[in-house]
Amino acid sequence: MPDFLLEIGLEEIPARMVDAAREELARRTQELLVKENLLSGEAQVSSYSTPRRIAVVAFGLNATQADAQEQITGPSLKVAYKDGAPTPAAEAFAKKVGMDVTKLGKISNSKGEYLSATVEKKGRAAADVLAESLPKEITGIYWAKNMYWRAGKPERFVRPVRWLTALLDSKVVPLEFGGIKAGAKSRGHRILSQGDITLQSPSAYAGSLESAKVVVSPAEREHSIRKALDAATRTIPGARWREDEDLLKTVVNLTEFPSVIIGTFEKEYLSLPEEVLVTVMRDHQKYFAVEDANGKLAPHFLAVLNTDGDPDGLIRHGNERVLRARFNDARFFWQTDQKIPLTERVEMLKAVTFQKDLGSYYEKAKRMAHLVNIGGADFDAPGRKINRKALHEAAWLAKTDLTTELVKEFTELQGVVGGLYAKAQCLAPAVADAIYDHYRPLSMEDESPRTLESALLALADKSDSIAGMFALGLQPTGSKDPFALRRQANGIVKIIVEHKLPVDLRMLFHVALIGYKGSDAEKKFTNLDKYADSISAFFRERLEFYLRDVRGFAYDEVNAVLAAGYDRVTDALDRVEAVAEVRKSADFEPISVAFKRIKNILRQANEAGKSPMGEFNAAGLPDPAEKQLAEIVEMKAPIVAELRHKHQYVAALAEIAQLRPALDTFFEKVMVMVEDEKLRSNRLALLQKMLNNFSTIADFSEIVTEKK
Amino acid sequence: MSQAKDKSLTFQELIFTLQKFWAKQGCVLQQPYDVEMGAGTMSPETFLRVLGPKPYHVCYLQPSRRPADGRFGENPNRLFKHTQCQVILKPPPDNVQELYLESLQAIGVDLRKHDLKFEEDNWESPTLGAWGIGWQVMLDGLEVTQFTYFQQCGGVDLEPISAELTYGLERLCAFLQDVDSVFDIVWARDPKSGREITYREIRQTEELQFSVYNFEFADVEKTWEHLKLYETECKALIDGYNGLVKALGEKKSASREELKRYPLLPAFDLCLKCSHLFNLLDARGAISVTERVGVIARIRALAVGVAKAYVDQQSDTAAAATKS
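Here's what I pulled together on the structure shown here. (Residues numbered from 1 in each chain as written. Chains lettered and ligands numbered in written order. Predicted model: local features only at pLDDT ≥ 70, side-chain atom pairs only at ≥ 80, totals over all residues. Heavy atoms only, no water.)

Looking only at helices and strands, chain B has 10 helices and 10 strands in total. Whereas a compact globule of 324 residues would reach a radius of gyration of roughly 20 Å, chain B reaches 21 Å, a difference of no more than 12%. With respect to the three principal axes, the spread of C-alpha positions in chain B is 75 × 50 × 40 Å. Sorting the 324 residues of chain B into buried and exposed places 53% on the buried side. Taking as baseline every contact in chain B between residues at least 6 positions apart, the subset at least 24 positions apart corresponds to 67%. (Helix = DSSP H or I, 4+ residues; strand = E, 2+ residues; numbered from the N terminus. Rg over C-alpha atoms; globule rule 2.2 N^0.38 Å. Buried < 20%, exposed > 50% of the residue type's maximum accessible area, 1.4 Å probe, protein only. Contact = heavy atoms within 4.5 Å.)

We now examine the sheet that holds strand β1 (residues 4-10) of chain A. Residue and element names in this part refer to chain A. Taken together, the 5 strands give an open sheet; going across it, the order is β2-β3-β1-β9-β10, and neighbouring strands pair in antiparallel fashion. The sheet terminates laterally at β2 (45-50) and β10 (171-172), the two strands that pair on one side only. Examined bridge by bridge, β2 and strand β3 (residues 53-58) share 6 bridges and lie antiparallel to one another. Its bridge partner lying in β3, Y48 is registered against A55. (Pairing = 2+ DSSP bridges.)

Residue and element names in this part refer to chain A. Looking at where A68 falls in the secondary structure, it is placed in strand β4 (residues 68-76). You can call A68 partly exposed: its relative accessible area is 34%. The contacts of A68, once residues within four sequence positions are left out, are V119, E120 and K121.

Here the focus is the pairing of strand β17 (residues 287-291) of chain A. Residue and element names in this part refer to chain A. Within β17, 5 of the 5 residues are buried, which leaves it mostly tucked inside the rest of the structure. Alternating residues of β17 divide into Y287, A289 and E291 and F288 and V290, and every residue in both groups is buried. Pairing of strand β15 (residues 240-241) with β17, which is carried by 2 bridges, proceeds in the antiparallel orientation. What sits directly across from W241, in β17, is V290. Relative to strand β18 (residues 297-305), β17 runs antiparallel, the two sharing 4 bridges. Each residue of the ladder has a partner; that of E291, found in β18, is L297. Adjacent in sequence and paired antiparallel, β17 and β18 are bridged by 5 residues, among which G295 carries a positive phi angle near 80°.

Taken by themselves, the reported measurements are silent on function.
Put into structure tokens, the structure is as follows:
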């Protein structure tokens, strides 16, 4: 039962791609081994990676595939024998399977009797199978960005492959990829190890590499980085390093033999906003920030090195020097930027493109100011009053930080910088906060804008972008969403829900489009006839995602509720909550079954051209069962409407549930599709009324019920 | 740290050392190209040489002028004109990364004592119709080199590809000399007296005056006019070449010699002029939103036009050469 190792040695793989590639190589290798009967299905393979290699080790392979018997079907007996003697067809078959014609067997199937032969299929050696099939698996690995490097461009891969190690126990598996023949040799750390290292066996892989200063297990590197971060931080009394999962993953994939240094920067830089300092450290230098016992930023940083230490302090000194220069730049930009206050930068937005067909950010700011105004009218409520003046001012100023040096340097701080500058320039706190938060939320995990003004500003910004792009016909398709419109729409949903805003989506996007009236952009709007529908469909998808994946509602409950409308997001959420609650009650499923039945009857009638005639007429219903249903429908309809109006959805659904006995009796006793046209039509009208009056909270027919 | 400073290379020694190192690896040493440009990549020694099949290894310095980056000689890390050391290896040898590391050792970086990482950084220049894949090389947290495997240039897929190494010399030298401002770099040290001449003495006035010109004085109207004139001439040359090719195909009225002597290299100079003037107008804040996208597209059309014609001219020349 030999073990197998494959290591692909590369020039540095981008950190963001390493984990997925390692997992894919392991999966592909395992699937191949199982498919080829070289490994049992339950066997696990181990996988490893560093910036310079991805590797997989599988234990306990079959050295060769088991021999197998294969039955081959030949010509039919009618053709194979003539007058009891084998024909040339039979001889040819015998020759093909390598048997004497007298030794051939027979099988019969539905078509008749045939000659057959059972042949031994010799199992192939594992090494042969691997050498033949693994290169195809390597070629198939997905990389977000590929390159050519060899003459003649025979293959594309993430970076040039420089060595391959493939061992079945101690023997080399002769596979080849990228012009490289596999061997038993691997390479250690670029700097800390000299020359190639020869691997004795797959099981010795991790150990041999460790002695060549490469920790091949990413989990182990993460563990040792965490410990080293702790240890370095302990040298500063009371200090803690700021946990940062993404950064940790990045540095794990940037190092083969990690260690950590703690560096210091001058306290004077702490006068710069924490947001700026942390962005410089984390995004630009990949340093962890350090905070004191009170959670305040401390004048230290932690750098993860790809080497075994820094005995002379040279590396620390170098990193401190770079950080100082970066902070100096930031401070210089900060000071320079104050020379032109945000209020004077509005005009400068005319020179900044928002989108090539949608014009400048000046025009966008103008539209946002218009959009927040319209929006502002609806949202005053007892206990909350919008600061309209602040909102209007923030809308005009929100994008002005795009003209600042600091944002040109640290684009990820857009909005944040605007907010900080507004504060520094003594604008009203409501203005500063609104600008600061208006790009939020950047993801479903990110927080929504904190204040009501910032929420409305964020809504105006995002809906203006979506409106413009949809009008241009540039809505997201499949995996293509270059303007991150889905993310922005998700943001809109999250903001509306979390701030409980009574926003009507249809109205919002109607007003957002009006903002473009009379602009140059308008001439390029080619998608206006489909505008409202495509935005509506787009938001339906976003709401499905939000209610199901983020809020965890069942998909049929979500479908039922969205089918009854979703222009008001908060209302859709209230309704789905009510449906989820009422669903547990005994009458709910039968009601759903009944509504499905009603819908089917109406659909079939419609297809047969037998539509209901307008309002139903209670007097024209002869059967007591339908009279009873009609009465209860007439009685319940206004009650449900009233409760719905008051958003008391649980109570409304409880009322609807009370229809059940009458409905059951109706379907038991009454035949709807009778010959008498007048009667039929009247009964259909009754059902239609039921459907219309009681599907306003959820379309019950969408609820998946157990089939009986 | 003063001890380290004394031992470390002066700016000019850094240049000699890198050039000597790459010359030993078989690179042609070229002089800086004497037309203003924003990066060493735009020099014909890169932009045109990476096109076509002919192997070429070259190392040159390129003063790189970026009008918008000027800071009047006041910012310790920002310059209107900085110096790139550019190495093109076409095709790249298999040990190109190892060679690069050796070049760092050659300029006095003891890699055993430092932290080195290759971090993903792909390069793209829409204006040049060029892109490549590669890394920024980080030394103790400082980006010291841009390492790119060129995949496309002037809209033309490359075969073979080239490796491009771009060292930012001011930054690298400041690191080696352990100074916080590029203006404190020791440019030269008199071997007899030991007197040091700093980067400040040599370059600060130039930084100041060019910043003043680029941001305050450059005459917007005339600069636009210059740009238009260069563009017109460049375009006429490209059109002329394409006309010749067509004529040769149809009536054979043009000879191969005419194609071979056709001035595409000067056309590229004109394209470089346009690119620089665009950057100047940009620094001057003279390019509006609507113009911006359009002007970039116009310059791209020139760069791509020259590249395509150049590939054709090279292949034609090569074909003629094999015949004779």
